Amino acid sequence: GRACHMTGKMKVYRNLSAWFEDRGAILKKHRERGIGFVPTMGALHDGHLSLIRQAKAQNELVIASIFVNPTQFNNPDDYAKYPSTLEADLRLAESAGCDVMLLPSKEDVYPDQYRYRVSESEFSKILCGAHRPGHFDGVLTIVLKLFQISQASRSYFGQKDYQQLELIRSMAKAFFLDLEVIGLPTVREADGLAMSSRNLRLTPEDRKKAAMISQLLRQSFTEHKSAGFVASELSKHGFRVDYVEDHPTGPSAELRRFVAAFLGDVRLIDNMSAPEAARGTT
Ligand code: PAF
């Protein structure tokens, strides 16, 4: 039953024309007191739900979207196998406080067939950008479109995708977007694995092994070991490592260690700073 529902009923828009019809009235009613926006690709987990809850705490209205964006997948197989759990997603989003759910189609968001795109020329070229050609062009383009579609005042992203978060933040600044970009801490499973929709695709054996990524990140900081140590330990245990690299991040330029590694055909990423490792939160 839906008896203990704390939130109102979520309105689901299955195409954008219906949303554009209602949007004017919704903005007029809520934008002054804040509209929070959480873009997702679905297969919602507690990381997404923490974004929706924070959006609810800071805004009068919360909009989320589910759109598996083809332009950010450099690997067609990864796109084809991306998990889809729509019915559960709708229930979870609503129970976390989402008021409006946008489910646009490819035709809705790419009327231009992706002729127009946003591209960044520095930070998007390292780390995941170096290993996934075109990935961040796809991300920045869809996020700019979704910002325009939602007209939100605040948007929420997880720090698990740290490079994505920083690129979106700097895009908002570069284009004078009238919205705030808010990053929230990575939500982890009990064994430390960063929550990700792709975790659903791991075999049971690989799912157990996957916890090594965050465990090695933490251990490498507390035991003063290098990025190279993390890479060689992961390789030794059967991961195919894309990169383990340190980069200064944030206003204080503190060092952050970034990992991307495959188990089978599932690509996992994570990142951690020394203070985060010392806090020992899993
Ligand atoms: O982080 C994601 O799920 C996606 O990259 C995003 C931000 C929804 C854009 O498609």
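Shown above is the structure to which this text applies.
Read on for an overview of the structure. (Residues numbered from 1 in each chain as written. Predicted model: local features only at pLDDT ≥ 70, side-chain atom pairs only at ≥ 80, totals over all residues. Heavy atoms only, no water.)

Relative placement of two packed helices is described by the angle separating their axes and the distance separating the axes. At their nearest, the axes of helix H2 (residues 46–58) and helix H4 (residues 86–96) sit 8 Å apart, and the two run at 35° to each other. Helix-helix and strand crossings are classified by hand; for H2 and H4 the assignment is right-handed. Two secondary-structure elements touch here, H2 through Leu 49, Ile 52, Arg 53 and Lys 56 and H4 through Leu 92, Ala 93 and Ala 96. When the residues that make up the contact of H2 with H4 are grouped by side-chain class, the tally is five nonpolar, no polar and two charged. (Axes fitted to C-alpha atoms, helices over the stretch in contact; angles between N-to-C directions. Helix = DSSP H or I, 4+ residues; strand = E, 2+ residues; numbered from the N terminus. Left-handed = near helix turned anticlockwise from the far one by under 90°. Contact = heavy atoms within 4.5 Å. Nonpolar A, V, L, I, M, F, W, Y, C, P; charged D, E, K, R; others polar.)

Along the polypeptide, Thr 249 turns up in strand S7 (residues 240–249). Relative accessible area serves as the criterion here: at 8%, Thr 249 is assigned to the buried category. Separated by 3.4 Å, the side chains of Thr 249 and Arg 256 make a polar contact. For Thr 249, the contacting residues outside a window of four places in its chain are Tyr 162, Glu 254, Arg 256 and Phe 258. (Buried < 20%, exposed > 50% of the residue type's maximum accessible area, 1.4 Å probe, protein only. Polar contact = N/O pair within 3.5 Å; in protein donor to acceptor, adjacent residues only side chain to side chain.)

One pass over the full model with this rule turns up 22 salt bridges. As a salt-bridge pair, Asp 191 and Arg 207 come within 2.9 Å of each other at their nearest N and O atoms. With Asp 191 in the loop between strand S6 (180–184) and helix H9 (204–210) and Arg 207 in helix H9, this residue pair connects regions lying 16 residues apart in the sequence. On the basis of relative accessible area, Asp 191 is assigned to the partly exposed category, the value being 26%. Here the residues in one salt-bridge network are Asp 77, Asp 78, Lys 81, Arg 132, Arg 198, Arg 201 and Asp 265, joined through shared partners. (Salt bridge = Lys/Arg side-chain N within 4 Å of Asp/Glu carboxyl O.)

A word on the site of the ligand. Around the ligand, a shell composed of Pro 39, Thr 40, Met 41, Asn 69, Gln 72, Ile 142, Val 143, Phe 157 and Gln 164 is seen. Here an oxygen atom of the ligand sits 2.7 Å away from a polar atom, N or O, in the side chain of Gln 164. Put simply, the parts of the chain that give the shell around the ligand at least two residues each are strand S2 (35–40) and helix H7 (135–150). Residues belonging to the shell around the ligand are distributed by class as follows: five nonpolar, four polar and no charged. (Near = heavy atom within 4 Å.)

Within H4, the full set of buried residues consists of Asp 89, Leu 90, Ala 93, Glu 94 and Ala 96. Along the axis of H4, the buried positions cluster into a sector of 165°, meaning they face one direction only. Across H4 from its buried face, at more than 90 degrees, point the exposed residues Glu 87 and Arg 91. Where the residues of H4 are buried, they touch strand S1 (11–13), H2, strand S3 (61–66) and strand S4 (100–102). (Arc of directions from axis to C-beta.)

Right, let's talk about the sheet that holds strand S9 (residues 266–273) for a bit. Strands sit in the order S7-S8-S9 across an open sheet of three strands; the sheet is antiparallel. Lying at the two open borders of the sheet, with one neighbouring strand each, are S7 and S9. Taken over all neighbouring pairs, the strand axes of this sheet differ in orientation by 15° on average, direction set aside. Sheet contacts for helix H11 (residues 227–236): S7 and strand S8 (254–263); angle to S7, the most-contacted strand, approximately 160°. (Pairing = 2+ DSSP bridges.)

It is worth spelling out the environment of Asp 265 at this point. Its place among the elements puts Asp 265 in the loop between S8 and S9. Given a relative accessible area of 38%, Asp 265 falls into the partly exposed group. For the pair Asp 265 and Arg 201, spaced 64 residues apart in sequence, the C-alpha to C-alpha distance is 8.9 Å. Residues within four places of Asp 265 in sequence aside, it is in contact with Asp 77, Lys 81 and Arg 201. Here the side chain of Asp 265 touches Lys 81 through a polar contact of 3.1 Å, side chain to side chain. For Asp 265, the side chain forms a polar contact with the side chain of Arg 201, separated by 2.9 Å.

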